[in-house]
Amino acid sequence: MTQISMTVNGKAASADVPDNTLLSDFLREGLRLTGTHVGCDTSQCGACVVHVDGRAVKSCTVLAVSLAGAEVTTIEGVAHGKDLHPMQAAFKEHHGLQCGFCTPGMIMSGIDMVNRYGAEGKTLDAAAIRHELEGNICRCTGYHNIVKAIEDAAGKMSGMAQAAE
Ligand code: FES
Ligand code: FES
């Protein structure tokens, strides 16, 4: 067992966990943050994507003990109170989900790609979104509305960033 201590959705989280505990299991079973889904446990589906220190990672590929002091954000932490994150709102508006199983990972990956492209001054168009989504599998939607949602959210998020400057 190892004692771990990190920040999850802005709150301190510590626990004694077996050394082989995956971040996905710590979040879901240790903290009851079940919005992070586990579809494959083998780094293929992307349902488990969260942010660690601001970057998207597949939480089934990371050991919790390796994240001492890290800032972790899950799907439960992206809204501001009752206001959905623009990426969540865009998925709702563009019907970017059906069963919803892949959706937390899609949204966390979408936010990450918008932030990365924005920081690098690159255009996140539909082709780039499709390329970026290669690590996220959806069995229901055919991806079309997911791409539309991320494209729409990208515009809204960059507008918010400019307004904050
Ligand atoms: Fe992590 Fe599928 S559960 S990639
Ligand atoms: Fe069902 Fe994507 S909405 S897997």
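Fair warning: this is a prediction, and the values are worked out from it, not measured in the lab.

1. Some details on the pattern of salt bridges
Throughout the structure, instances matching the rule amount to 6 salt bridges. For the salt bridge of Lys 156 with Asp 152, the shortest nitrogen-to-oxygen distance reads 2.9 Å. Here Lys 156 pairs with Asp 152, and both are found in helix α5 (residues 144-164), just 4 residues apart, close to one helical turn. The exposure class of Lys 156 is partly exposed, given its relative accessible area of 37%. Residues joined by salt bridges that share partners form a network here, namely Arg 55, Asp 112, Arg 116 and Glu 132.

2. A word on the pairing of strand β3 (residues 49-52)
The side-chain alternation of β3 yields two buried faces, one formed by Val 49 and His 51 and the other by Val 50 and Val 52. Where β3 meets strand β4 (residues 55-58), 4 bridges bridge the pair, whose relative direction is antiparallel. Across the sheet, residue Val 52 finds its bridge partner in β4, namely Arg 55. Hairpin geometry of β3 and β4 is characterised by an intervening segment of 2 residues between the two adjacent antiparallel strands and by a positive phi of about 50° at Asp 53. Bridge count for β3 against strand β5 (residues 71-73) is 2 bridges, and the pairing is antiparallel. Bridge pairing in β5 places Val 52 opposite Val 72.

Cut-offs applied
Residues numbered from 1 in each chain as written. Chains lettered and ligands numbered in written order. Predicted model: local features only at pLDDT ≥ 70, side-chain atom pairs only at ≥ 80, totals over all residues. Heavy atoms only, no water. Salt bridge = Lys/Arg side-chain N within 4 Å of Asp/Glu carboxyl O. Helix = DSSP H or I, 4+ residues; strand = E, 2+ residues; numbered from the N terminus. Buried < 20%, exposed > 50% of the residue type's maximum accessible area, 1.4 Å probe, protein only. Pairing = 2+ DSSP bridges.

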